[in-house]
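# Chains, contacts and geometry: an overview
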There are 2 protein chains.
Amino acid sequence: MSEDKLQEAIGRLKHASVRITPQRHAVLDFLINAKSHPTADDIYKALEGKFPNMSVATVYNNLRVFREIGLVRELTYGDASSRFDYNTSKHYHVICESCGKIVDFDYPSLDEVESLAEKVTGFEVSHHRMEIYGTCPDCKTTH
Amino acid sequence: MSEDKLQEAIGRLKHASVRITPQRHAVLDFLINAKSHPTADDIYKALEGKFPNMSVATVYNNLRVFREIGLVRELTYGDASSRFDYNTSKHYHVICESCGKIVDFDYPSLDEVESLAEKVTGFEVSHHRMEIYGTCPDCKTTH
DNA sequence: TACACTAATTATAAGCATTATAATGTAAGA
DNA sequence: TCTTACATTATAATGCTTATAATTAGTGTA
């Protein structure tokens, strides 16, 4: 139930001494219930009805806060806007190169790759990122 | 020998009907001999002695051309500038989160992941990207 | 409940990488 | 050499994100 997720997220914010403002609450709520992986601007637009005076900087600031305490993951793709993903479970993403759609993809984490990289490069590895690119079913048919 | 690589690259440009201009030649030469993974600005700065009037747009234009014919790979990291990698062999990258250093890392391509993603999502997969993040040996010691 | 302190929000401007535009210059085949 | 289409240049514009400074508002404490 997403209400539980929201409460848990708020608990983590309190624990990190982050103030719960109405804007923060709304951004978090939106992210948790988002089916897609919204951009900062998606979130801004979605909430401007509720918060006509909200600044886009507020959205960015809050997303940064959420990212820093690990509530949210930021997906970056060069030029295009970042997308934000509420961090429920570990998963990868499959991205359509035609329409930009992002689909979650469960796969066991590539721990073996990380440990081999540590051995070979001498790095202390913290994490990795992997994405798969292609054409989604919709774009395949309509080409 | 990097001279051979350069000649082969020029051959591929000719084959793709891309004109060989002095600027193009210089960007390509720089990329092939680069030990690191330079940004567009790195390349621009490195060549401004030789081409005082070269525009930064030229660097970007040429990098795009090289990418489109598969000579060069573009590595994107959200806000930061893209980095460009002369496409010799398939490999992954290990990136230092402290100093930004990028190290090549050989690992067998994750074809299995791609094919599973195709099955699960219905996408027609074209490629994937994977990077490993951590702290490099230099940054570990000097913390 | 009221106070005070500190952090968050707002509005705006700035920053930065990258791309678009239009005029000029030039590679390469005839 | 000539011609033409493409590349380069200089500059402006774009778009995402962050910085700034002033105002507003959470939250712990009295």
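Residues numbered from 1 in each chain as written. Chains lettered and ligands numbered in written order. Predicted model: local features only at pLDDT ≥ 70, side-chain atom pairs only at ≥ 80, totals over all residues. Heavy atoms only, no water.

### Considering the overall build of chain A
- Scanning chain A from terminus to terminus reveals 6 helices and 5 strands.
- Counting helices and strands in the order they occur from the N terminus, chain A gives α-α-α-α-β-β-β-β-α-β-α.
- Considering chain A as a whole, with its 143 residues, one finds that 41% of them fall into the buried category.
- Counting every atom, chain A has about 8000 Å² of accessible surface; 49% of that belongs to carbon and sulfur.
- If the 17 positive side-chain charges of chain A are averaged to one point and the 21 negative ones to another, these points end up 5 Å apart. (Helix = DSSP H or I, 4+ residues; strand = E, 2+ residues; numbered from the N terminus. Buried < 20%, exposed > 50% of the residue type's maximum accessible area, 1.4 Å probe, protein only. Areas by Shrake-Rupley, 256 points an atom, 1.4 Å probe, with all protein chains shown as cover. Lys, Arg positive; Asp, Glu negative; His and termini not counted. Charge placed at Lys NZ, Arg CZ, Asp CG, Glu CD.)

### Some remarks on the interface of chain B and chain A
- Of the residues lining the interface, 34 residues belong to chain B; the matching set on chain A comes to 34 residues.
- For the interface between chain B and chain A, the tally reads 0 salt bridges.
- Run the count over chain B and chain A and you get 14 residue pairs in polar contact (both at pLDDT 80 or more).
- Contributing elements (two or more residues each) for the side of chain B that touches chain A: strand S3 (92-96), strand S4 (102-105), helix H5 (111-121), strand S5 (124-135) and helix H6 (137-142) of chain B. (Contact = heavy atoms within 4.5 Å. Salt bridge = Lys/Arg side-chain N within 4 Å of Asp/Glu carboxyl O. Polar contact = N/O pair within 3.5 Å; in protein donor to acceptor, adjacent residues only side chain to side chain.)

### Notes on H5(B)
Residues and elements named next belong to chain B.
- Val113, Glu114, Ala117 and Thr121 are the residues of H5 that are buried. Relative to the axis of H5, the buried residues are bounded by an arc of 100° and lie together on one face. Relative to its buried face, H5 has exposed residues pointing more than 90 degrees away, namely Asp111, Glu112 and Lys119.
- Immediately downstream of H5, the backbone of Gly122 shows phi near 80°, a positive value. (Arc of directions from axis to C-beta.)

### Quick notes on the protein's contact with DNA strand D
- Taken together, 18 residues lie around DNA strand D, and Ile20(A), Tyr60(A), Thr21(B), Asn53(B) and Thr58(B) are the ones closest in.
- Close to the protein, within 4 Å, the atoms of DNA strand D are drawn from sugar and phosphate at a rate of 78%.
- Gln23(B) places a side-chain nitrogen or oxygen 3.0 Å from a sugar or linking oxygen of DNA strand D.
- The set of elements that each furnish at least two residues to the surface near DNA strand D consists of helix H4 (56-68) of chain A together with helix H2 (22-33) and helix H4 (56-68) of chain B.
- Of the residues assigned to the surface near DNA strand D, the class counts are 6 nonpolar, 8 polar and 4 charged. (Near = heavy atom within 4 Å. Nonpolar A, V, L, I, M, F, W, Y, C, P; charged D, E, K, R; others polar.)

### Looking at the pattern of salt bridges
Residue and element names in this part refer to chain A.
- Under the definition given, this model contains 8 salt bridges over all chains.
- Salt-bridge contacts for Glu74 lead to Arg67; the nearest nitrogen and oxygen are separated by 2.8 Å.
- Exposure remark for Arg67: the relative accessible area of 36% places this residue in the partly exposed category.

### With respect to the relation of the copies chain B and chain A
- With an RMSD of 0.1 Å, the operation that places chain B on chain A is a rotation of 180° combined with a shift of 0.0 Å along the axis. Taken together, these values place the two copies in the relation of a two-fold axis.
- Most of the interface of chain B is mirrored in chain A, where 100% of its interface residues again form contacts. (Least-squares fit on C-alpha atoms with pLDDT ≥ 70 in both.)

### Section: the UniProt feature "binding site: Zn(2+)" (unreviewed entry) in chain A
- As recorded in UniProt, the sites labelled "binding site: Zn(2+)" (unreviewed entry) are Cys96(A), Cys99(A), Cys136(A) and Cys139(A). Taken together, the annotated residues stretch across 44 residues yet fold into one region, lying no more than 8.3 Å apart by C-alpha.
- Among the secondary structure elements, Cys96(A) is positioned in strand S3 (residues 92-96).
- Of the residues examined, Cys96(A) reaches a relative accessible area of 2% and is grouped as buried.
- Leaving out residues up to four positions away in the same chain, Cys96(A) has contacts with Lys101(A), Gly134(A), Thr135(A), Cys136(A), Cys139(A) and Phe123(B).
- Considering the arrangement of structural elements, one finds Cys99(A) in the loop between S3 and strand S4 (102-105).
- Apart from residues no more than four positions distant in its own chain, Cys99(A) is found in contact with Cys136(A) and Cys139(A). (UniProt positions renumbered as here; feature names shortened; annotations may be inferred.)

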